[in-house]
Amino acid sequence: MANLWTEILLPVDSQTQQQQQANVTALQNWLRDRFLENLPYDHLVGRFLTAGGAGNRGPAIFYTSRSLEPKKVAAATSKVFLGIQLQCAECHDHPFDRWTQEDFWQYTAFFSQLQQSGSNMGQQAIVEDRVGPEVTFPDSDEVAVPRYPGVKEPPEEDPQGMRRRQLTIWLASRDNPYFARAAVNRDWAHLFGRGLVEPVDAMDEANPPSHPEL
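Below you will find a few notes about this structure. (Residues numbered from 1 in each chain as written. Predicted model: local features only at pLDDT ≥ 70, side-chain atom pairs only at ≥ 80, totals over all residues. Heavy atoms only, no water.)

**Side note on the overall build of the chain**
No. 1: Each helix and strand in the chain was counted, giving nine helices and three strands.
No. 2: Traced from its N-terminal end to its C-terminal end, the chain shows the element sequence α-α-α-α-β-α-α-α-β-β-α-α.
No. 3: Compactness check: the chain gives a C-alpha radius of gyration of 17 Å against a globular reference of 17 Å for 214 residues, within 12% of the reference.
No. 4: Each of the three principal axes of the chain carries a C-alpha extent, and together these read 55 × 45 × 30 Å.
No. 5: Counting every position in the chain, which comprises 214 residues, the buried fraction comes to 46%.
No. 6: Put simply, 55% of the contacts in the chain that link residues at least 6 apart link residues at least 24 apart.
No. 7: With an accessible surface of roughly 11,500 Å², the chain has 50% of that area assigned to carbon and sulfur atoms.
No. 8: Averaging the locations of the 19 positively and 28 negatively charged side chains of the chain gives two centres separated by 6 Å. (Helix = DSSP H or I, 4+ residues; strand = E, 2+ residues; numbered from the N terminus. Rg over C-alpha atoms; globule rule 2.2 N^0.38 Å. Buried < 20%, exposed > 50% of the residue type's maximum accessible area, 1.4 Å probe, protein only. Contact = heavy atoms within 4.5 Å. Areas by Shrake-Rupley, 256 points an atom, 1.4 Å probe, with all protein chains shown as cover. Lys, Arg positive; Asp, Glu negative; His and termini not counted. Charge placed at Lys NZ, Arg CZ, Asp CG, Glu CD.)

Right, here's the structure in full:
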């Protein structure tokens, strides 16, 4: 399971580059420990999405392998944990689904605080959140206000202003219609070789399930 999820979570090129192998192994070990711990899936995702620390340890490589770019992290998390292709709305509204460009950039805003520091003088770079940085809509100075996909109202503020933590609370809540179905579809694909919706990370309106009742 650790090997499977390492392949799911990391870009292909980060696994094939020799210099990344130690980092990939660190992520595999972190995942293996979580599976041995029998950590519930929502808790595992919560720990993963709020992880920081050294950029070559455990989940932090998920962010460093994408250069901590909010739009890349947003695209990856929406595909892996929600089963939706929000990145198709980066430059324009999604051509085959409900998602708008505003949806993509407001979801991206949850990752705007990602920063990397402490990489000089031989120190390992640290992945952390810093309150303040914002993302703006393309070709505009307008700041994208964080908003959950498919939810009209902006979320309640996190007490410390930490947006990644704010996002994880919603991800595992019953108010989120995407998280559980994406997890079930991915498990089905793992066990039977094909998802109820295939590809597993494209659960959009133009890609119906093979067995809608199930």
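Here the narrative resumes.
**With respect to the pattern of salt bridges**
No. 1: Following the criterion strictly, the structure yields nine salt bridges and no others.
No. 2: Counted as one network, the salt bridges with shared partners bring together Arg34, Glu37 and Arg47. (Salt bridge = Lys/Arg side-chain N within 4 Å of Asp/Glu carboxyl O.)

**Some points on helix 9 (residues 179-192)**
No. 1: Its 14 residues give helix 9 an end-to-end C-alpha distance of 20 Å, which sits within 8% of 20 Å, the value for a rise of 1.5 Å per residue.
No. 2: Turning to helix 9, its buried residues are Phe179, Ala182, Ala183, Asn185, Arg186 and Ala189. Considered in projection along helix 9, the buried side chains sweep an arc of 165° and stay on one side of the axis. Turned more than 90 degrees away from the buried face of helix 9, the exposed residues are Ala180, Leu191 and Phe192.
No. 3: Next to the buried residues of helix 9 lie helix 1 (2-9), helix 4 (41-49), helix 6 (70-82) and helix 8 (163-171).
No. 4: A positive backbone phi angle near 85° is found at Gly193, which sits one or two residues after helix 9. (Expected span 1.5 Å × (residues − 1). Arc of directions from axis to C-beta.)

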